[in-house]
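Next come the chains, spelled out residue by residue.
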Amino acid sequence: MAEDKSTCGKGFHEGAVHVDVKDYYGNKLKQSSDLKTNACVAPAKPIPAFIRQALKKVHPEVTARYYGCGLVVPECLEDCIVLDLGSGSGRDCYMLSQLVGEKGHVTGIDMTEDQLKVARTYVDYHMQEFGYKKPNISFVMGYIEALTEAGLEKNSFDIIISNCVVNLSPDKRQVLAEAYSILKDGGELYFSDIYSSDRLTEEIKNHKVLWGECLGGALWWKDLLRLAEEVGFSPPRLVTASVITVDNKDLEDILGNFKFVSATYRLFKVPKGNTKPSQVIYNGGITGVEDSFQFDSQYTFKVDGVVDVDGEVASILKHSRFAGDFTIQPSGGPGGSCGVKPTAKVEDPFQLVLQLEKQGPGSTTGGCCSTKSATCCK
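From a predicted model like this one, the values you see are computed outputs, not experimental measurements. (Residues numbered from 1 in each chain as written. Predicted model: local features only at pLDDT ≥ 70, side-chain atom pairs only at ≥ 80, totals over all residues. Heavy atoms only, no water.)

1. Topic: the nonpolar core
Rules: The nonpolar core is taken to be a set of buried Ala, Val, Leu, Ile, Met, Phe, Trp, Tyr and Cys residues, with the residues joined through side-chain atoms within 4.5 Å. Note on exposure labels: buried denotes an accessible area under 20% of the residue type's maximum, exposed denotes more than 50%, and partly exposed covers the range between, all computed with a 1.4 Å probe on protein chains only. Strands here are runs of E lasting at least two residues and helices are runs of H or I lasting at least four, both read from the DSSP assignment and numbered beginning at the N terminus. We call two residues in contact whenever any of their non-hydrogen atoms come within 4.5 Å of each other.
Counting 39 residues, the largest nonpolar core has Leu83, Leu189, Tyr195, Phe233 and Tyr265 as the members making the most contacts within it. Top element by residues in this core is helix H10 (residues 221–231). It accounts for six residues. Ignoring sequence-local partners within four residues, the contact set of Tyr265 consists of Leu189, Tyr190, Phe191, Tyr195, Trp221, Leu224, Pro236, Arg237, Leu238, Val239, Glu347 and Pro349. Counting residues in hydrophobic clusters, the runner-up holds 32 residues, among them Ile51, Val73, Leu77 and Leu96.

2. Focus on helix H7 (residues 172–182)
Of all the 11 residues making up H7, eight are buried; the element is thus mostly covered by neighbouring parts of the structure. Listed as buried for H7 are Lys172, Gln174, Val175, Leu176, Glu178, Ala179, Ser181 and Ile182.

3. Quick notes on the sheet that holds strand S9 (residues 278–282)
Test applied: DSSP calls a pair of strands paired once it identifies at least 2 bridges connecting them. Lines fitted to the C-alpha atoms define the axes, with helices restricted to the stretch that makes contact. Angles between their N-to-C directions range from 0 to 180 degrees.
Across the sheet, three strands lie side by side as S12-S9-S13; this open sheet has antiparallel pairing. Two strands lie at the open edges of the sheet, namely strand S12 (306–309) and strand S13 (326–330), each paired on one side alone. Between one strand axis and the next, the sheet turns through 30° on average, direction left out of account. Taken together, the five bridges between S9 and S13 define a ladder with antiparallel strand orientation. Across the sheet, the residue bridging to Gln279 is Gln329, located in S13.

4. A few points about the pattern of salt bridges
Here is the rule we go by: For this document, the term salt bridge refers to a Lys or Arg side-chain nitrogen within 4 Å of an Asp or Glu carboxyl oxygen.
Going through the model one piece at a time under the given rule, you end up with 17 salt bridges. A salt bridge links Asp223 to Arg199, with the shortest nitrogen-to-oxygen separation between them at 2.8 Å. Taken together, the positions of Asp223 in helix H10 and Arg199 in the loop between strand S5 (183–196) and helix H8 (202–205) put the pair 24 residues apart, joining distant regions of the chain. Overall, Asp223 belongs to the buried group, its relative accessible area being 7%.

5. Some remarks on the confidence of the model for the chain
Rules: Across the chain, each position has a pLDDT score giving the predictor's confidence in that residue, from 0 to 100.
Residue-level pLDDT values for the chain average 85, and 80% of them are 70 or greater. Confidence over residues 362–378 falls short of pLDDT 50; this stretch has 62 contacts with residues more than four positions distant or in other chains.

6. Quick look at the pairing of strand S2 (residues 105–110)
Threshold: Whether a crossover is right-handed depends on one test, that the path from the first strand over the helix to the second runs clockwise when the strands point away from the viewer.
When you tally the buried positions in S2, you get five out of six residues, the bulk of the element. Each parallel crossover has a hand, and for strand S1 (residues 81–85) linked through helix H4 (residues 91–100) to S2 it is right-handed.

7. Side note on the side chain of Thr264
In this fold, Thr264 is placed in strand S8 (residues 260–268). Among the residues examined, Thr264 registers a relative accessible area of 5% and is labelled buried. Setting aside anything within four residues of it in sequence, one finds Thr264 in contact with Tyr190, Phe191, Ser192, Arg237, Leu238, Val239 and Thr240.

8. A look at the environment of Ser197
One can find Ser197 in the loop between S5 and H8. Given the relative accessible area of 28%, Ser197 is considered partly exposed. Considered as a pair, Ser197 and Asp348 are 151 residues apart in the sequence and their alpha carbons are 9.3 Å apart. Those residues in contact with Ser197 that lie beyond four places of it in its chain are Trp220, Asn257, Phe258, Lys259 and Phe350.

9. Brief notes about the pairing of strand S7 (residues 237–243)
Most of S7 sits out of view: six of its seven residues are buried. Here S7 pairs with S8 via six bridges, running antiparallel. Paired with Leu238 across the bridge in S8 is Tyr265.

10. Regarding the packing of H7 against H10
We count it as follows: For classification purposes, an angle smaller than 35 degrees is called roughly parallel, one larger than 145 roughly antiparallel, one from 65 to 115 roughly perpendicular, and anything else oblique. In a left-handed crossing the near helix is turned counterclockwise from the far helix by less than a right angle, and in a right-handed crossing that turn is clockwise. Polar here means any residue outside two lists: the nonpolar Ala, Val, Leu, Ile, Met, Phe, Trp, Tyr, Cys and Pro, and the charged Asp, Glu, Lys and Arg; Gly therefore counts as polar.
Put simply, H7 and H10 touch, their axes get as near as 9 Å, and they point 40° apart. On the basis of their axis angle, the class for H7 and H10 is oblique. Taken as a pair, H7 and H10 cross one another with a handedness that is right-handed. Here Lys172, Arg173, Leu176, Ala177 and Tyr180 of H7 lie close against H10, whose contacting residues are Leu224, Leu227, Ala228, Glu230 and Val231. Classifying every residue of the contact of H7 with H10 by side-chain character gives seven nonpolar, no polar and three charged.

Okay, here's the thing in structure tokens:
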């Protein structure tokens, strides 16, 4: 399985990994209780009220076939064009359909026909439930390594999300490259996935159950940083991380000393270089996080507060959909030297888990969520 060499791009052909994964998620798994580990089960964490309400409106059969590993809801979604990689039965898509609003659009892409059948069955049901005159959602059969071949246009999406799916691909570099290609300038890949503490052995990578359970294909977190840079993304910003427990002795014996985390990163398609450290002021324009906006594990912006940010984050805020929600000024500007100094940047999700454990219960939170901003994705 680890030696599977899929040819991506024009004339893409599925390899052994794709066949095994489709069989696992299309035939072997019928509901979330069929999973053999806890890797693909979302960790318990506080969910904003309006997200809970959106999830309640999703049809029970769609929710029952959901196998994600985190809540993947970035901020500032209203009117955005969103793509969900490996959308499965469509739970996240139908939740996002409500958050982008009738003027936005959500596309789900998946390679498993049985999962897509469930998702497509309930399009009309959900549009009526949401009170929409026409669908703002569609589902595409295709591979996350070959998005353009599936008919998705380059430079056409504001946001791409993915929930515990990239680890199922045998060619993660190609997944990131395709995502970068179809994002608009300033666009974001916001995704939750499983990461390992080191590069996995061939035995683990060739174990079909471990691969299907999102562990055998887990990327060493350092390789994510390298691959993201190679395809053009800004350096990944770590949002949150939580420990993955396997709770299956037979599989634990095979895994040995390898550790796993579920981590959420955000990657942006923004210009590089020529951006100096700046001071930024959050204007409070994002619904749901009006008072305080947790951008990642390093930066939390309080409304009207001055925060010193590095050049990397300054570039992201300046060129992304968040630009209208921040006032950006040179360091030492009107705010003088009174900017709040952020904590040190953390790239290692295992290190972040340790920090959050020291802070106590409730510290491990996903990205805060929003549905509105006057400047969102215009």
